[in-house]
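Spelled out from the first residue to the last, the chains are:
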Amino acid sequence: MVRLLLLLFLAVSTVSAEGLVLEIRHARSHEVHFHAPVEPDDEITLAWIHSVELTPWMETYQVQIDGTLVLTQTRFFSYGAGVPHQSGNCSVNGGQVVCTGFDLQLDFLQWIHSFDAEYHVLLNQRILLDRDDLPHHEPLRLSIQSR
């Protein structure tokens, strides 16, 4: 029995030691531009300036234990074309529209990185990557990998 418990402990320790890694790769060449350890329930926010309205937009995702990302919140200042309106609960807070309650789980996020749009990646509300930390006008993919 003690031997079984020891083996179980070692197996669980090995899995948790490997953990999860946030990885940003070029969407076509697959070159890795960034990686950092993350934990289940960490929040990753992709923030940028909307190209038409020229106002901040933020999408926050929660890291799941299986490496998927669940959209938990969007924040923006103007509600118009392209804004999802069929799901979620929206309210106005401090001049921002805040939407929560989405039923959206993703394997990755993908965008064309632009210095002009001032993209930022935040981890648990702290800036992880600034606009100049990733290549300009390149397709990028953010995903969670097991290590």
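The rules we used
- Residues numbered from 1 in each chain as written.
- Predicted model: local features only at pLDDT ≥ 70, side-chain atom pairs only at ≥ 80, totals over all residues.
- Heavy atoms only, no water.
- Helix = DSSP H or I, 4+ residues; strand = E, 2+ residues; numbered from the N terminus.
- Buried < 20%, exposed > 50% of the residue type's maximum accessible area, 1.4 Å probe, protein only.
- Contact = heavy atoms within 4.5 Å.
- Pairing = 2+ DSSP bridges.
- Axes fitted to C-alpha atoms, helices over the stretch in contact; angles between N-to-C directions.

A. The overall build of the chain, seen in detail. The secondary structure content of the chain amounts to one helix and 12 strands. Starting at the N terminus, the α and β elements of the chain follow one another as α-β-β-β-β-β-β-β-β-β-β-β-β. Across the 147 residues of the chain, 35% fall into the buried class. Expressed as a percentage of contacts within the chain between residues at least 6 apart in sequence, the contacts between residues at least 24 apart total 50%.

B. Quick peek at the environment of Gly 88. Along the chain, Gly 88 falls in the loop between β5 (69-76) and β6 (89-93). Each C-alpha atom, one on Gly 88 and one on Gly 101, is 4.4 Å from the other, the two residues being 13 residues apart in sequence. Leaving out residues up to four positions away in the same chain, Gly 88 has contacts with Thr 100, Gly 101 and Phe 102.

C. Structural context of the sheet that holds strand β12 (residues 138-146). Taken together, four strands build an open sheet; the order of strands is β2-β1-β12-β9 and the sheet is antiparallel. Whereas interior strands pair on both sides, the edge strands pair on one side only; in this sheet they are β2 (32-38) and β9 (108-113). The average angle at which neighbouring strand axes cross in this sheet is 20°, direction not considered. In this sheet, β12 lies alongside strand β1 (residues 20-26) in antiparallel orientation, the contact comprising seven bridges. Considered in β12, the bridge of Val 21 is made with Gln 145.

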